[in-house]
Amino acid sequence: MTQFTAQEIVLSFLFPSLGILTGLSWFASPIKAVQEANRRGTLGDLNPTPWSMMLGNCIGWVCYAYLYVFRWYATRNPVDL
């Protein structure tokens, strides 16, 4: 069995996990505005451009994660898509 040092645990597991949670909360933050626009049936003054940029960002990171087998990106970004 492999023993991990505190530094390895923090850098390899804790920080990537916190990054996943931060990213999920960042992408979920405009959900109330989207629900309001959906309820009204019109975008009104809601700008959809940031969502298209977030979609492109997620697709890029998912491709990168699968290409280089980087599990932390591969677990977070498909959720955002």
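Quick note: structure is the one above.
Presented here is an overview of the structure given in this document. (Residues numbered from 1 in each chain as written. Predicted model: local features only at pLDDT ≥ 70, side-chain atom pairs only at ≥ 80, totals over all residues. Heavy atoms only, no water.)

## Topic: the overall build of the protein
Counting its regular elements, the protein contains four helices and zero strands. The helix and strand sequence of the protein, counted from the amino end, reads α-α-α-α. Here the protein holds 81 residues, and 19% of them are scored as buried. Restricting to contacts in the protein with at least 6 residues of sequence separation, those with at least 24 account for 48%. (Helix = DSSP H or I, 4+ residues; strand = E, 2+ residues; numbered from the N terminus. Buried < 20%, exposed > 50% of the residue type's maximum accessible area, 1.4 Å probe, protein only. Contact = heavy atoms within 4.5 Å.)

## A closer look at helix α3 (residues 49-68)
Since the α-helix turns once every 3.6 residues, residues separated by three or four places project in the same direction. With 20 residues, α3 ought to run about 28 Å at 1.5 Å a step, and its terminal C-alpha atoms sit 29 Å apart, in line with that. Of the positions making up α3, those classed as buried are M54, C58, V62 and A65. Looking down the long axis of α3, one finds its buried residues gathered within 70 degrees of arc, a one-sided arrangement. Away from its buried face, by an angle of more than 90 degrees, α3 presents the exposed residues M53, L67 and Y68. (Expected span 1.5 Å × (residues − 1). Arc of directions from axis to C-beta.)

## Structural notes on a nonpolar patch on the surface
Together, V10, L11, L14, F15, L18 and L21 make up a nonpolar patch on the protein surface, roughly 540 Å² of accessible area in all. By the element assignment, L18 lies in helix α1 (residues 6-28). (Patch = residues over 30% accessible without salt bridge, like charges linked within 9 Å, V, L, I, M, F, W, Y side chains within 5 Å. Areas by Shrake-Rupley, 256 points an atom, 1.4 Å probe, with all protein chains shown as cover. Salt bridge = Lys/Arg side-chain N within 4 Å of Asp/Glu carboxyl O.)

## Considering the packing of aromatic side chains
Going through the model one piece at a time under the given rule, you end up with two aromatic pairs. The interplanar angle of 80 degrees and the centroid separation of 5.5 Å between the aromatic rings of F4 and F13 together place this pair among those described as edge-to-face. For F4, a relative accessible area of 46% gives the class partly exposed. For F13, a relative accessible area of 30% translates into the label partly exposed. The interplanar angle of 75 degrees and the centroid separation of 4.9 Å between the aromatic rings of W26 and F27 together place this pair among those described as edge-to-face. The class for W26 is exposed, based on a relative accessible area of 52%. (Phe/Tyr/Trp six-rings, centres within 6.5 Å; stacked < 30°, edge-to-face > 60°.)

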